[in-house]
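# Structure at a glance
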Amino acid sequence: MAKKLVVVGAGLMGSGIAQVAAQAGWEVALRDVTDQALTRGTDAIKTSYDRFVSKGKLAADDAEAALARITTTTDLDVAAEAEIVVEAVFEKLDVKHEIFRTLDGIVKDETVLASNTSAIPITKIAAVTSRPERVVGTHFFSPVPMMALCELVRGYKTSDETLARAREFAESVGKTCIVVNRDVAGFVTTRLITALVVEAAKLEESGVASAEDIDLACKLGFGHAMGPLATADLTGVDILLHAADNIYTESQDEKFAAPEQMRRMVDAGDIGRKSGQGFYEH
């Protein structure tokens, strides 16, 4: 019998997680608050499967079967039968709290509650549930079908069994895991990229070097596939600013204090590829 997964949030990350899980044989229920959001999510999954089929990386029959394993709903009660629930909604603690409070009253005792958060401490998310030992971070990377990493985050009360089951799930959908043993804001990867982006933005803002040259230095000097400012444009300058603010609030570490230019860019709507302008013109 197929394992049952519920993904809460049908955006870029949620639809990507649903896609790789369905392809790996999981029965997936994708939940969002509107039918329009669910349609956008499933359309993105279909497009991605079609791309893999056209490149010969996935058989058409397998893509069709995977798509058939995905159902959509606006009802959170679907989580009642899930073995694991992955929350992938906007990075705001109050939004996540509302979802985890509700899930706490719906899911089975043994269900693993996971969050795809990239910067909010898991302990803070778990605190509103009666089962913090069952709450864990499963931080996937965008685009989920292409990126091999999953960052597993142990909250203050996360049990060994929960961590093991989260690893089993992530590895079953083809990911390689690293474990964050101490629940610090930003974990490992978001702290590293945020520190690099903040410093790169400061160098660019103060005229030390151009965005192009800063990125070129990281690509040719450090072997990075993409420079930090190009990464900020791809991810969203607003998203990285939000992450930097979260980490700075928790740590009070000055290296995460974003420069004013990043704030003005976000104020002006210059948030990267999705707006057509960020550190670069797109």
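Each remark here, short or long, concerns the structure printed above.
Residues numbered from 1 in each chain as written. Predicted model: local features only at pLDDT ≥ 70, side-chain atom pairs only at ≥ 80, totals over all residues. Heavy atoms only, no water.

## Thoughts on the environment of D75
Keep this limit in mind: Secondary structure counts use DSSP, requiring at least four H or I residues in a row for a helix and at least two E residues in a row for a strand, with both numbered from the N terminus. Definition of a polar contact: a pair of N or O atoms within 3.5 Å, with one able to donate and the other able to accept a hydrogen when the atoms are protein atoms, and with sequence-neighbouring residues admitted only if both atoms are side-chain atoms.
Counting through the fold element by element, D75 comes out in the loop between β3 (70–73) and β4 (84–87). Taking the C-alpha atoms as reference, D75 lies 7.9 Å from D32; in sequence the two are 43 residues apart. Looking at D75, its side chain comes within polar contact range of the main-chain nitrogen of D77, at 2.9 Å.

## Here's the deal with the pairing of strand β5 (residues 112–115)
Operational definition: The rule is simple: take the accessible area with a 1.4 Å probe, protein chains only, and divide by the maximum for that residue type; under 20% is buried, over 50% is exposed, in between is partly exposed. Note on pairing: two strands pair once DSSP finds at least 2 bridges between them. Crossovers are marked right-handed if the path from the first strand over the helix to the second runs clockwise, as seen with the strands pointing away from the viewer.
Here β5 shows no split at all, with V112 and A114 on one side and L113 and S115 on the other all buried. Across 4 bridges, the pairing between β4 and β5 is parallel. Across the sheet, the residue bridging to V86 is A114, located in β5. Traced from β4 through helix α4 (residues 93–104) to β5, the parallel crossover comes out right-handed. Alignment of β5 against strand β6 (residues 135–140), held across 3 bridges, turns out to be parallel. For L113, the partnering residue across the bridge sits in β6 and is V135.

## Some details on the side chain of Q19
Structurally, Q19 can be placed in helix α1 (residues 12–23). When its relative accessible area of 3% is taken as the criterion, Q19 is described as buried.

Shape descriptors only; they carry no functional weight alone.
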